[in-house]
Structure formats: structure tokens, C-alpha cells
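One letter stands for each residue in the lines below.
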Amino acid sequence: LSNESKILIAGQAPGLKVHQSGITFDDASGDRLRQWLGVDKTEFYDDKKFAILPMGFCYPGKGKSGDLPPRAECAITWRSKLLAELKNIELTIVIGQYAHAYHLPNASKKLTENVKNWQEFWPKVIPLPHPSPRNNIWLKRNAWFEDELLPPLKKQVQKVLSN
């Protein structure tokens, strides 16, 4: 994290691969997220451009249908303190239901509804589904996402980064 960061990526928690590598979004989810944002790895990992702050800092373990939720004590203990240090954030990208619940407290409890209503939060905050390959079914069911949301998102990311 840098207090110069312009875009906040508010994610979930690292998966096992990322937990082991120690590099955030160093997996298929990260590849898809960078594609959605229209940035390469060099831009994405430049902390003057992006601050990456997950809801949980460690791999929470395996559940019945994917990973367990982020451990709550991470957000309770560190989130507000770290967010307070990010004074230059112009755009917050909120990824997944746990990040939605924290960053969009007055929004729907349903991820799809928040993503469909992305213009309500625009241009400072944008709710996204998790870019995990596990969400391929969601992406197929919500084909509008790539056509309606991603082009303006990419433009907004470039606008913020060029300021």
C-alpha cells in the first residue's frame, strides 16, 4: 500500500496459490481482473497506482463449495486503519460479496443486484463479481456484464491513472 495510490482494489481473501506465492492476484483471478481493468501486471502492481486491500490477509481454508469466507478479525483489526492511510484514492473497485458488504453497507445483500446497479455507485465506486474461474457460470448468466460494465470501467481506470 502507498498513500499515493489512486485506485483501491477491495477484494476478498487470497486463495491458496496466492497465499503460498505471497503475491496478490498472482493467479487466474488476477489475470481476469487485469483484463477487466485494461491494465498490465506492471501497472497493476505499481503501488502508486493501485492499493490492493483484501478483506482477509490469509487463506481462510477450503469450504464445501470453494474457499471459506475471509477471516473477520482481519477487517475488524486492520481495515479502517489501513483505509485511513489511503488519502488519494479516486476509484474503489469492490470485488465479491464480502467486500460489497463492507464497502457498500446500504446496498443490496445480493452481489448480482449490486453489480447490475453499478451506475448508482459510479464514478467513485464500482462493485464487481469475483474474477475467479469459479464464476464462469455467473459470467455466462450475466452476459451484459462484459458489454455494459467493462468498457466504462476500463475508461474510468485509464482516466484515474492518467490524472
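Keep in mind that what you see is a predicted model, and the values were worked out from it rather than measured. (Residues numbered from 1 in each chain as written. Predicted model: local features only at pLDDT ≥ 70, side-chain atom pairs only at ≥ 80, totals over all residues. Heavy atoms only, no water.)

Observations regarding the environment of leucine 86
Inference 1: As for its placement among the helices and strands, leucine 86 is situated in the loop between α4 (72–85) and β5 (91–95).
Inference 2: Sequence separation between leucine 86 and asparagine 3 is 83 residues; the distance between their C-alpha atoms is 4.7 Å. (Helix = DSSP H or I, 4+ residues; strand = E, 2+ residues; numbered from the N terminus.)

A look at the pairing of strand β2 (residues 50–54)
Inference 1: With five of five residues buried, β2 is to be regarded as a mostly interior element.
Inference 2: Of the two faces of β2, both are covered, the one formed by Phe50, Ile52 and Pro54 as well as the one formed by Ala51 and Leu53.
Inference 3: Note: strand β1 (residues 7–11) against β2, five bridges, orientation parallel. Across the sheet, residue leucine 8 finds its bridge partner in β2, namely alanine 51. (Buried < 20%, exposed > 50% of the residue type's maximum accessible area, 1.4 Å probe, protein only. Pairing = 2+ DSSP bridges.)

As for the pairing of β5
Inference 1: When you tally the buried positions in β5, you get five out of five residues, the bulk of the element.
Inference 2: Where β1 meets β5, four bridges bridge the pair, whose relative direction is parallel. The residue of β5 that forms the bridge with isoleucine 9 is isoleucine 93.

Quick look at the side chain of aspartate 27
Inference 1: Within the secondary structure, aspartate 27 sits in the loop between α1 (16–21) and α2 (28–37).
Inference 2: The buried charged residue aspartate 27 lacks any salt bridge partner; its closest oppositely charged side chain belongs to arginine 34, at an N-O distance of 6.3 Å.
Inference 3: A polar side-chain atom of aspartate 27 sits 3.2 Å from the main-chain amide nitrogen of serine 29. (Lys, Arg positive; Asp, Glu negative; His and termini not counted. Salt bridge = Lys/Arg side-chain N within 4 Å of Asp/Glu carboxyl O. Polar contact = N/O pair within 3.5 Å; in protein donor to acceptor, adjacent residues only side chain to side chain.)

Thoughts on the sheet that holds β2
Inference 1: Read across the sheet, four strands follow the order β2-β1-β5-β6 without closing on themselves; strand pairing throughout is parallel. The two strands at the open ends of the sheet, each matched to only one other strand, are β2 and β6 (125–128). The mean inter-strand angle of the sheet, taken between neighbouring strand axes irrespective of direction, is 15°.
Inference 2: Contacts between α4 and the sheet are confined to β1 and β2, with β2 contributing the most and set at about 170° to the helix. (Axes fitted to C-alpha atoms, helices over the stretch in contact; angles between N-to-C directions. Contact = heavy atoms within 4.5 Å.)

With respect to the environment of lysine 41
Inference 1: Along the polypeptide, lysine 41 turns up in helix α3 (residues 41–44).
Inference 2: When its relative accessible area of 44% is taken as the criterion, lysine 41 is described as partly exposed.
Inference 3: When the C-alpha atoms of lysine 41 and proline 129 are compared, they prove to be 20 Å apart, with 88 residues separating the residues in sequence.
Inference 4: When neighbours within four sequence positions are excluded, lysine 41 is seen to be in contact with Asp26, Asp31 and Arg34.

Digging into the pattern of salt bridges
Inference 1: Across all of its chains, the model carries two salt bridges by this definition.
Inference 2: Residues aspartate 31 and arginine 34 are paired through a salt bridge, measuring 2.8 Å at the closest nitrogen-oxygen approach. Pair noted here: aspartate 31 and arginine 34 are both in helix α2, with a separation of three residues, about one helical turn.
Inference 3: In this structure aspartate 31 comes out as partly exposed when scored by relative accessible area, which is 45%.
Inference 4: With a shortest N-O distance of 2.4 Å, glutamate 73 and arginine 71 are connected by a salt bridge.

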